[in-house]
Amino acid sequence: MRTSVPEKIIKIINEIDAKGNAKLTRLTVLKKWLEPPGRLPAFGLWMAACAASRKREATETAGKLFDEAHALLAAYEIGAPGPSRFAAEDLYKRLQRFQSEYQNRNWATVRIIRHWDLLLVEEGLALYLRHHASPSHGYKLAADYCQHHDLHYGNSLSGPSRLKLEEMVRFMFALEAVENGVA
């Protein structure tokens, strides 16, 4: 089903070009796009694959998890069946255990995240496995993936977010094409 949401993301990119940044909440348009059946798990897989491909300096254990995530997700093609649910569930659980340190703060217990990209892989797999089955979770994952901290603007969509947003638009167009039988 063709929507106008990718064009709205392009407007966000244009706003970044014109003003230097855009508010993260502008990505809420993704919620509507993620509503049709099948889009949320496909989006989760795609986001997990993007995060897995961004391997950075990591400990030996984190590096192995990145390698496993990349191996599991590298063959994913838009519109094709995803990886084995058993393998995805196994990796998801190991990612959760790897970053399972919590600290008590003033009013809450918070999870300590040392490898942001591994968290993004974990959250993407959660969407694929339908542990989080609402478009709001997809929006949050996209915001976490695209946000950039800038001293002038705080956490927002800024210059470094631009390429991620362009990738997202390409994914959206490709998935819509598959849904419409064009690809």
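In what follows, the structure referred to is the one given above.
Quick caveat, the model's predicted, so the values are computed rather than measured. (Residues numbered from 1 in each chain as written. Predicted model: local features only at pLDDT ≥ 70, side-chain atom pairs only at ≥ 80, totals over all residues. Heavy atoms only, no water.)

## What about the overall build of the protein chain?
Phase 1 of the analysis: Helices and strands together make up the secondary structure of the protein chain, namely eight helices and five strands.
Phase 2 of the analysis: Shown N-terminal to C-terminal, the secondary structure of the protein chain runs as helices and strands in the order α-β-α-α-α-α-β-β-α-α-β-β-α.
Phase 3 of the analysis: Computed over its C-alpha atoms, the radius of gyration of the protein chain comes to 17 Å, within 12% of the 16 Å expected for a compact globule of 183 residues.
Phase 4 of the analysis: Structurally, the protein chain occupies a C-alpha span of about 40 × 40 × 30 Å along its principal axes. (Helix = DSSP H or I, 4+ residues; strand = E, 2+ residues; numbered from the N terminus. Rg over C-alpha atoms; globule rule 2.2 N^0.38 Å.)

## Looking at the packing of helix 3 (residues 39-52) against helix 8 (residues 161-179)
Phase 1 of the analysis: Two elements in contact, helix 3 and helix 8, have axes separated by 11 Å at closest approach and are oriented at 140 degrees. The angle between helix 3 and helix 8 falls in the class oblique. Here helix 3 runs over helix 8; the crossing is right-handed. Contact with helix 3, carried on its side by Arg39, Ala42, Phe43, Trp46 and Cys50, involves Glu167, Met168, Phe171, Leu175, Glu176 and Glu179 of helix 8 and no other residues of that element. (Axes fitted to C-alpha atoms, helices over the stretch in contact; angles between N-to-C directions. Parallel < 35°, antiparallel > 145°, perpendicular 65-115°, else oblique. Left-handed = near helix turned anticlockwise from the far one by under 90°. Contact = heavy atoms within 4.5 Å.)

## Some points on helix 4 (residues 60-73)
Phase 1 of the analysis: Taking 1.5 Å of rise per residue, the 14 residues of helix 4 would be expected to cover 20 Å, and the 20 Å separating its terminal C-alpha atoms lies within 8% of that figure.
Phase 2 of the analysis: Three or more residues of helix 4 are buried, namely Ala62, Gly63, Leu65, Phe66, Ala69 and Leu73. Relative to the axis of helix 4, the buried residues are bounded by an arc of 160 degrees and lie together on one face. Opposite the buried face of helix 4, by more than 90 degrees, sit the exposed residues Glu60 and Ala71. (Expected span 1.5 Å × (residues − 1). Buried < 20%, exposed > 50% of the residue type's maximum accessible area, 1.4 Å probe, protein only. Arc of directions from axis to C-beta.)

## Observations regarding the pattern of salt bridges
Phase 1 of the analysis: One pass over the full model with this rule turns up 11 salt bridges.
Phase 2 of the analysis: Note that Glu35 is salt-bridged to Lys32, the shortest N-O span being 3.8 Å.
Phase 3 of the analysis: Several salt bridges share partner residues, and in doing so they unite Asp17, Arg162 and Glu166 into one network. (Salt bridge = Lys/Arg side-chain N within 4 Å of Asp/Glu carboxyl O.)

## Some details on the packing of aromatic side chains
Phase 1 of the analysis: Here the structure, examined in full by the defined rule, presents four aromatic pairs.
Phase 2 of the analysis: Measuring from centroid to centroid gives 6.1 Å for Trp33 and Phe171, while their planes differ by 65 degrees, and the two rings are edge-to-face. Residue Trp33 is located in helix 2 (residues 29-33), and its partner Phe171 is located in helix 8; the two are separated by 138 residues in the primary sequence. Accessibility classification places Trp33 together with Phe171 in one group, the buried group.
Phase 3 of the analysis: A ring pair is formed by Trp46 and Phe171, whose centres lie 4.8 Å apart and whose planes are at 20 degrees; its orientation type is stacked. Taken together, the positions of Trp46 in helix 3 and Phe171 in helix 8 put the pair 125 residues apart, joining distant regions of the chain.
Phase 4 of the analysis: A relative accessible area of 1% places Phe171 in the buried class.
Phase 5 of the analysis: In this structure, Arg39 is placed above the aromatic ring of Trp33, and the distance from its NZ or CZ to the ring centre is 4.4 Å. (Phe/Tyr/Trp six-rings, centres within 6.5 Å; stacked < 30°, edge-to-face > 60°. Lys NZ or Arg CZ within 6 Å of the ring centre and 35° of its normal.)

## What to know about the environment of Glu15
Phase 1 of the analysis: Along the chain, the position of Glu15 falls in helix 1 (residues 5-19).
Phase 2 of the analysis: In this structure the C-alpha to C-alpha distance between Glu15 and Asn155, which are 140 residues apart in sequence, comes to 16 Å.
Phase 3 of the analysis: Once residues within four sequence positions are removed from consideration, Glu15 is found in contact with Gly20, Asn21, Ala22 and Arg26.

## Quick look at unusual backbone geometry
Phase 1 of the analysis: The backbone of Arg130 shows a phi angle near 65 degrees, a positive value even though the residue is not glycine.
Phase 2 of the analysis: Tracing the backbone shows Arg130 in the loop between helix 6 (116-128) and helix 7 (135-146).

## Some points on the nonpolar core
Phase 1 of the analysis: Formed by 53 residues in total, the largest nonpolar core has its most connected members in Leu27, Phe43, Val121, Leu157 and Leu165.
Phase 2 of the analysis: Counting residues per element, the ones that place at least two in this core are helix 1, helix 2, helix 3, helix 4, helix 5 (85-98), helix 6, helix 7 and helix 8.
Phase 3 of the analysis: The element contributing the most residues to this core is helix 3, with 11 residues.
Phase 4 of the analysis: Not counting residues within four places of it along the chain, the set of residues in contact with Leu165 comprises Ile9, Ile12, Ile13, Ile16, Leu27, Cys146 and Leu157. (Core = buried A, V, L, I, M, F, W, Y, C linked by side-chain atoms within 4.5 Å.)

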